[in-house]
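# Structural overview for review
What follows is the residue order along each chain.
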Amino acid sequence: MPRGSSSPISRLLKTVRATFFRQHSETFRDTAYHEAGHAVVARYLGVPVKSLKIDSSGGIVRLDNVIPESRRTGSTKLLQLGIAGEVAEQIKFGDWNRHGVSDDRRKFHSLVQYLAGLRGRVLPGSTVASVREYHREQCLEILSQPEVWEWLEAVAESALERGFLTGEEIDRLRPTRGE
């Protein structure tokens, strides 16, 4: 088969996937925006993204191994990435899916504990809430930039249509300056 062409089975599977996501688009829309939030904020902050996937079990963004350039800037990036999905949902829908965000919140809390270096001790909830609010505001500032939000919407819609995006595809969806 010539390079670039696809088999009938491959075309059929692509059509079935597109039809499935179109028929269930409202169900997956919050997941697509949530995961696009993580992916776009990662790329905006210079963190490499391997892929974004949404399917009937939910969604996931896979990052390349993140080795922070310093503990301080790396920590900030990781915390902003951890809250980006929730912020994207809040911007788009005015609220967030409590079920979908609970895992991100647990991970955020664990990361704050880890970064604080508290071996076996626990930070007060009010301290974690303050850290969360600070990073939520930083993430909101990033996602409120018109060109960044346009990028996020392009990623979310493409994910809804296709179910899977590579990091390179996410980068190609970024609007270029001056257009």
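This is a predicted model, so every value here is computed, not measured.

Further remarks concern the sheet that holds strand S2 (residues 58-63). In spatial order, the strands read S2-S1-S3; together these three strands make up an open sheet with antiparallel pairing. Looking at which strands have only one partner, the edges of the open sheet turn out to be S2 and strand S3 (164-166). Averaged over all pairs of adjacent strands, the angle between their axes in this sheet comes to 5°, without regard to strand direction. Strand direction decides the pairing type here: strand S1 (residues 49-55) and S3, joined by three bridges, are antiparallel. Counted as the bridge partner of leucine 52 is leucine 165 from S3. Helix H6 (residues 146-162) rests against S1 and S3 of the sheet, and its axis sits at about 125° to S3.

This part covers the confidence of the model for the protein. Taken over all residues, the pLDDT of the protein has a mean of 81, while the share at 70 or more is 75%. Confidence scores differ between elements of the protein, with helix H1 (residues 8-23) showing the lowest mean pLDDT of 65 and helix H7 (residues 167-172) the highest of 95.

What counts and what doesn't
Residues numbered from 1 in each chain as written. Predicted model: local features only at pLDDT ≥ 70, side-chain atom pairs only at ≥ 80, totals over all residues. Heavy atoms only, no water. Pairing = 2+ DSSP bridges. Helix = DSSP H or I, 4+ residues; strand = E, 2+ residues; numbered from the N terminus. Axes fitted to C-alpha atoms, helices over the stretch in contact; angles between N-to-C directions. Contact = heavy atoms within 4.5 Å. pLDDT = per-residue confidence, 0-100.

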